Amino acid sequence: MAATLRIQSDWSRALSRDEGEAWLSCRSPGKPTLYGSVTRRGLSSDGVPDIVASEGFVVGEVTKKSILISCPHENVSTKFLAPYTSFCRIHQKSITCLDISSGGGLGVSTSTDGTMKIWQAANGEIRRLLEGHVYDVNCCRFFPSGLVVLSGGMDAQLKIWSAEDASCVVTFKGHKGGILDTAIVDRGRNVLSCSRDGTARLWDCGKSACLGVIADCGSPVNGIAVGTADNSLNLGTPEKPPSEREVGTEGKILLLAREDKKLQGVGLQSRQLVFLFVGSDAFNCCTFLSSTYLLAGTQDGNIYQLDVRNTNAPIQVIHRSGAPVLSLLPYRDGFIASQGN
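Bear in mind the structure is a predicted one, so any value in this text is a computation, not a measurement.

Focus: the environment of Gly47
So, point 1. With respect to the element layout, Gly47 can be found in the loop between strand 3 (34-43) and strand 4 (49-53).
So, point 2. When the C-alpha positions of Gly47 and Thr63 are compared, they lie 9.0 Å apart, and in sequence the two are 16 residues distant.

Spelled out as structure tokens, the structure:
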């Protein structure tokens, strides 16, 4: 497994002053971690920071927004990018979930400060405060239209909000524990939720009703993802014809990231088990890379890549640190992962 090169502090702040310093580390599995630092000594004539590295590290190309650093001993290099912009006034405490509308104009986020807000993605200006959940709001996401928001909270309620006037248009009740994640089926006539009560449920937005329990795991379900299944995959057959209110569930598979170290695949329409994979620790999150490949992250820092057609063994296991993998997002030809460090 390749070595990992990290900057251990907010280097964009540390190096934005006339003089600043940020800590480096290079970790290779089975070897002692190499530590060092990068220091800014001022500006060059064209306004680019003059940066040097301590012994064992080499600074390559430097721009006003990026630094290329290598560790020759481990034959690894990484380009570190500064934030394009930062919004510091939306929340007062840690952000627990966020989403951006399909058009890119609006953001929605929840925080440990107890608030859920809609804001302008261009400048961070707060547009709406969404109030109505009791206790913490765990998850939020835009519908494909970008005009409606879905949220789930520790109050075991699932809510749908208007992004235009902040009104709560629908509240779903049925879970017996806090809601931990949500998913939207196609355009959003149906939505999904998972909970500390161990269940994943399918809801009809038009009738404000639960269409069924997709899975009852007997263990908290920390994350879910829905995707179109590969044609060769047997998703099972429903025991009875689905409700006419169930829209877009055919040919879909639902992933469930479970607290009991299991990743489960279920036919969304059939409610039948497709696979059950056991990992190294509690699964926190999951996502699809394609109709064939999926990712799932664990509390002990593993990212599993699996082929849904054969989940007996993972395609690869990525382990960069022991910090919990908190979220996964497909991006271009790869993915983005966030960890608890």
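What to know about the sheet that holds strand 15 (residues 168-173)
So, point 1. Reading across the sheet, the 4 strands line up as 12-13-14-15 and stay open at both edges, with antiparallel pairing between neighbours. Of all the strands in the sheet, the pair left with one neighbour each is strand 12 (137-142) and strand 15. Going across the sheet, the axis of each strand differs from the next one's by a mean of 20°, ignoring polarity.
So, point 2. Where strand 14 (residues 157-162) meets strand 15, 5 bridges bridge the pair, whose relative direction is antiparallel. Paired with Gln157 across the bridge in strand 15 is Lys173.

Overview of the packing of aromatic side chains
So, point 1. Summed over all chains, the structure comprises 5 aromatic pairs.
So, point 2. Judged by centre distance (5.9 Å) and plane angle (65°), the ring pair of Phe87 and Trp119 falls under edge-to-face. Pair noted here: Phe87 is in the loop between strand 7 (76-81) and strand 8 (95-100) and Trp119 is in strand 10 (residues 116-120), with a separation of 32 residues, a long-range link.
So, point 3. Here Phe172 and Trp203 contribute two aromatic rings whose centre-to-centre distance is 5.1 Å and whose plane-to-plane angle is 40°, an arrangement assigned as tilted. Taken together, the residues span a long stretch of sequence, with Phe172 in strand 15 and Trp203 in strand 18 (residues 199-204) at a distance of 31 residues.
So, point 4. Classification of Trp203 as buried rests on a relative accessible area of 1%.

Some remarks on the side chain of Asn302
So, point 1. Along the chain, Asn302 falls in strand 26 (residues 302-307).
So, point 2. In this structure the side chain of Asn302 is engaged in a polar contact, spanning 2.8 Å, whose partner is the side chain of Ser280.
So, point 3. Ignoring any residue separated from it by four or fewer positions in sequence, one finds Asn302 in contact with Ser280, Ala296, Gly297, Val317, Ile318, His319 and Val325.

Side note on the UniProt feature "repeat: WD" (unreviewed entry) in the protein chain
So, point 1. Here, the residues flagged by UniProt with the feature "repeat: WD" (unreviewed entry) are residues 88-129, 130-171 and 172-204.
So, point 2. The distance separating the terminal C-alpha atoms of residues 88-129 is 16 Å; by composition the span is 0% helix and 50% strand.
So, point 3. Annotated as 0% helix and 64% strand, the span residues 172-204 places its first and last C-alpha atoms 9 Å apart.

Topic: the sheet that holds strand 7
So, point 1. Pairing is antiparallel across the open sheet formed by 3 strands, whose spatial order is 5-6-7. Here the strands that pair on one side only, and so sit at the sheet edges, are strand 5 (58-62) and strand 7. Here the average twist between neighbouring strands, direction ignored, is 20°.
So, point 2. In terms of strand pairing, strand 6 (residues 66-71) meets strand 7 through 6 bridges, oriented antiparallel. Note that in strand 7 the partner of Cys71 across the bridge is Val76.

Side note on the environment of Glu61
So, point 1. As for its placement among the helices and strands, Glu61 is situated in strand 5.
So, point 2. Each residue touching Glu61, except ones within four places of it in the same chain, is listed here: Ser66, Ile67, Leu68 and Lys79.

Details of the pattern of salt bridges
So, point 1. Under the defined criterion, the tally for this structure stands at 8 salt bridges.
So, point 2. The closest approach of N and O atoms between Glu74 and Lys31, which form a salt bridge, is 3.5 Å. Of this pair, Glu74 sits in the loop between strand 6 and strand 7 while Lys31 sits in the loop between strand 2 (20-27) and strand 3, and the two are 43 residues apart along the sequence.
So, point 3. With a relative accessible area of 14%, Glu74 lands in the buried category.
So, point 4. One salt bridge in this structure joins Glu246 and Arg271, with 3.0 Å as the shortest N-O distance. Note that Glu246 is positioned in the loop between strand 20 (221-228) and strand 21 (252-258) and Arg271 in the loop between strand 22 (262-267) and strand 23 (273-278), a separation of 25 residues in sequence.

Rules used in this analysis
- Residues numbered from 1 in each chain as written.
- Predicted model: local features only at pLDDT ≥ 70, side-chain atom pairs only at ≥ 80, totals over all residues.
- Heavy atoms only, no water.
- Helix = DSSP H or I, 4+ residues; strand = E, 2+ residues; numbered from the N terminus.
- Pairing = 2+ DSSP bridges.
- Axes fitted to C-alpha atoms, helices over the stretch in contact; angles between N-to-C directions.
- Phe/Tyr/Trp six-rings, centres within 6.5 Å; stacked < 30°, edge-to-face > 60°.
- Buried < 20%, exposed > 50% of the residue type's maximum accessible area, 1.4 Å probe, protein only.
- Polar contact = N/O pair within 3.5 Å; in protein donor to acceptor, adjacent residues only side chain to side chain.
- Contact = heavy atoms within 4.5 Å.
- UniProt positions renumbered as here; feature names shortened; annotations may be inferred.
- Salt bridge = Lys/Arg side-chain N within 4 Å of Asp/Glu carboxyl O.

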